[in-house]
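# Results of the structural survey
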Amino acid sequence: MKIYIDGKYFSENNAKISVFDHGLLYGDGVFEGIRAYNGRVFKLEEHIDRLFDSAKAIMLKIPMSKEALMKATADACWRNRIRNGYIRLVVTRGKGDLGLSPTNCKKATVIIIAAGIKLYPEKMYRRGLEMITVPTMRMPAAALNPAIKSLNYLNNILAKIEAQQCGVLEAIMLNSEGYVAECTGDNVFAIRGGRIRTPPVYAGALGGITRQVVFQLAREHLGVEVEEVNMNRYDLYTADECFVTGTAAEIIPFVKLDGRVVGNGKPGEMTRRLIQAFRELTQEEGYPIRP
Ligand code: PMP
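From a predicted model like this one, the values you see are computed outputs, not experimental measurements.

### Notes on the overall build of the protein chain
Across its full length, the protein chain holds eight helices and 16 strands. Taken along its principal axes, the extent of the C-alpha atoms in the protein chain is 55 × 40 × 30 Å. A sequence separation of at least 24 residues applies to 71% of the contacts in the protein chain between residues at least 6 apart. For the protein chain, the exposed surface amounts to about 14100 Å²; the carbon and sulfur share of it is 52%.

What follows is the structure in structure tokens.
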């Protein structure tokens, strides 16, 4: 594997950054998880835009243009012979001293890792996941806005641990008002009576790229506009169909939440059509990897 750090490529063993990098010391930085399908990087421009928005929100200057970063991402895939895979783009605050202040960090560090991906097994897409709601609530926007995809994921990691302690793979996180925010690394959708709903970003969700793709697919393939509305657990328990979305998970149904069976306990018809449409789209479009 050849890993990109600040314009140069390093072998996995030599791809190292300073222990004084504030990305390590404080989780001070931003990142993106991106997929490549069929020789193209899926929704690359959207990911780069979100990365720059996250960076702007934390006053981090990315030392490259958007165009240069898109080219570098495709190049990292090309050099690693990745046609289908997962790309991790990380921009840290850079090397500083032991103080919190980012002013001593002279230059941000840009890292691109183009790798394979470990997927949920295919049978989980056919059968659906089981999830629980966890006690750890999603960070309030006034503390650290979940719309920022920062390197500080401890809030999500604590929720993930709680899910795993209960023997499930994903968790629903609520906000401080008790409304559904999102999962530890995915957005949440519920369908009832043919209407598709998802929490608004202000409920404490990341503006997911896959979430946005579902808006488009629902409109084009099901003739339905997704509604962004506050939801509570009752709305998920009583839904006909539920699913989560994320770059790594794609679109995956969940059929049990907190011991309640969702709908008839099987992935629903609308969810299955969205999964199918999503798979077709990922094969068709994207930023070409071949130079
Ligand atoms: N929420 C969180 C907290 C995430 O980390 C992610 C990305 N893994 C998502 C939602 C889904 O976003 P996307 O579809 O852009 O991957």
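### Quick look at the pattern of salt bridges
Side chains that carry opposite charge are capable of pairing whenever their charged atoms lie near each other. The full count for this structure, using the stated rule, is 14 salt bridges. Between Lys66 and Asp49 there is a salt bridge, with the nearest N and O atoms lying 2.7 Å from each other. One end of the pair, Lys66, is in helix H3 (residues 66-79); the other, Asp49, is in helix H2 (residues 44-57), with 17 residues separating them in the sequence. With relative accessibility at 29%, the residue Asp49 sits in the partly exposed group. We note a salt bridge from Glu227 to Arg195, for which the minimum N-O separation is 2.9 Å.

### A short note on the site of the ligand
Of all residues adjacent to the ligand, which total 17 residues, the nearest are Tyr153, Glu182, Ile209, Thr210 and Thr247. At a separation of 3.1 Å, an oxygen atom of the ligand approaches a polar side-chain atom of Lys149. Between a nitrogen atom of the ligand and a side-chain N or O atom of Glu182, the distance comes to 2.6 Å. If the ligand stood free it would expose 390 Å²; the protein chains cover 93% of that surface.

### Topic: the side chain of Thr271
With respect to the helices and strands, the residue Thr271 is situated in helix H8 (residues 269-284). Thr271 sits in the buried class, given a relative accessible area of 0%. Ignoring any residue separated from it by four or fewer positions in sequence, one finds Thr271 in contact with Ile191, Glu241, Phe243 and Pro253.

### Observations regarding the sheet that holds strand S2 (residues 8-11)
The strands that make up a sheet are held in pairs by hydrogen bonds between backbone atoms, and each pair lies either parallel or antiparallel. What the seven strands build is an open sheet, ordered S2-S1-S6-S5-S3-S4-S16; its pairing is antiparallel. Of all strands in the sheet, those bounded by a partner on one side alone are S2 and strand S16 (287-288). Where strand S4 (residues 40-41) and S16 come together, two bridges link them in antiparallel fashion. Within S16, the residue paired with Val41 across the bridge is Tyr287. Along the sheet, H2 contacts strand S3 (29-37), S4, strand S5 (85-92) and S16; its crossing angle with S3, the most-contacted strand, is approximately 175 degrees.

### Some details on H3
The end-to-end C-alpha separation of H3 is 20 Å, in line with the 20 Å expected for 14 residues at 1.5 Å each. Phi turns positive, to about 55 degrees, at Arg81, one or two residues after H3.

### A word on the packing of helix H6 (residues 209-222) against H8
Running from N to C, H6 and H8 point in directions that differ by 110 degrees, and their axes come no closer than 10 Å. Between H6 and H8, the interaxial angle falls into the category roughly perpendicular. Between H6 and H8, the contacting residues are Thr210, Val213, Val214, Gln216, Leu217, Ala218, His221 and Leu222 on the first element and Met270, Arg273, Leu274, Ala277, Phe278 and Leu281 on the second.

### Topic: the environment of Ala15
Considering the arrangement of structural elements, one finds Ala15 in the loop between S2 and helix H1 (22-26). Taking the C-alpha atoms as reference, Ala15 lies 9.9 Å from Met1; in sequence the two are 14 residues apart. Residue contacts for Ala15: discarding those within four places in its chain leaves Ile3, Ile5 and Phe10.

### Some details on the nonpolar core
Taken as a class, soluble globular proteins show a tendency for nonpolar side chains to be buried jointly. Leu69, Ile87, Val91 and Ile112 are the most contacted members of the largest nonpolar core, which has 29 residues in total. Elements supplying a minimum of two residues to this core: S3, H2, H3, S5 and strand S6 (109-115). Contacts of Leu69, omitting those with residues within four sequence positions, involve Ile48, Leu51, Phe52, Ile62, Met64, Leu89, Val110 and Ile112.

### Points about the packing of H2 against H3
The interhelical angle for the contact between H2 and H3, taken along N-to-C directions, is 125 degrees, at an axis separation of 10 Å. Between H2 and H3, the angle falls in the class oblique. Remark: the crossing between H2 and H3 carries right-handed chirality. Of the residues in H3, those touching H2 at Leu44, Glu45, Ile48, Asp49, Leu51 and Phe52 are Lys66, Leu69, Met70 and Thr73.

The rules behind each value
Residues numbered from 1 in each chain as written. Predicted model: local features only at pLDDT ≥ 70, side-chain atom pairs only at ≥ 80, totals over all residues. Heavy atoms only, no water. Helix = DSSP H or I, 4+ residues; strand = E, 2+ residues; numbered from the N terminus. Contact = heavy atoms within 4.5 Å. Areas by Shrake-Rupley, 256 points an atom, 1.4 Å probe, with all protein chains shown as cover. Salt bridge = Lys/Arg side-chain N within 4 Å of Asp/Glu carboxyl O. Buried < 20%, exposed > 50% of the residue type's maximum accessible area, 1.4 Å probe, protein only. Near = heavy atom within 4 Å. Polar contact = N/O pair within 3.5 Å; in protein donor to acceptor, adjacent residues only side chain to side chain. Pairing = 2+ DSSP bridges. Axes fitted to C-alpha atoms, helices over the stretch in contact; angles between N-to-C directions. Expected span 1.5 Å × (residues − 1). Parallel < 35°, antiparallel > 145°, perpendicular 65-115°, else oblique. Core = buried A, V, L, I, M, F, W, Y, C linked by side-chain atoms within 4.5 Å. Left-handed = near helix turned anticlockwise from the far one by under 90°.

Honestly, it's all geometry; don't read function into it.
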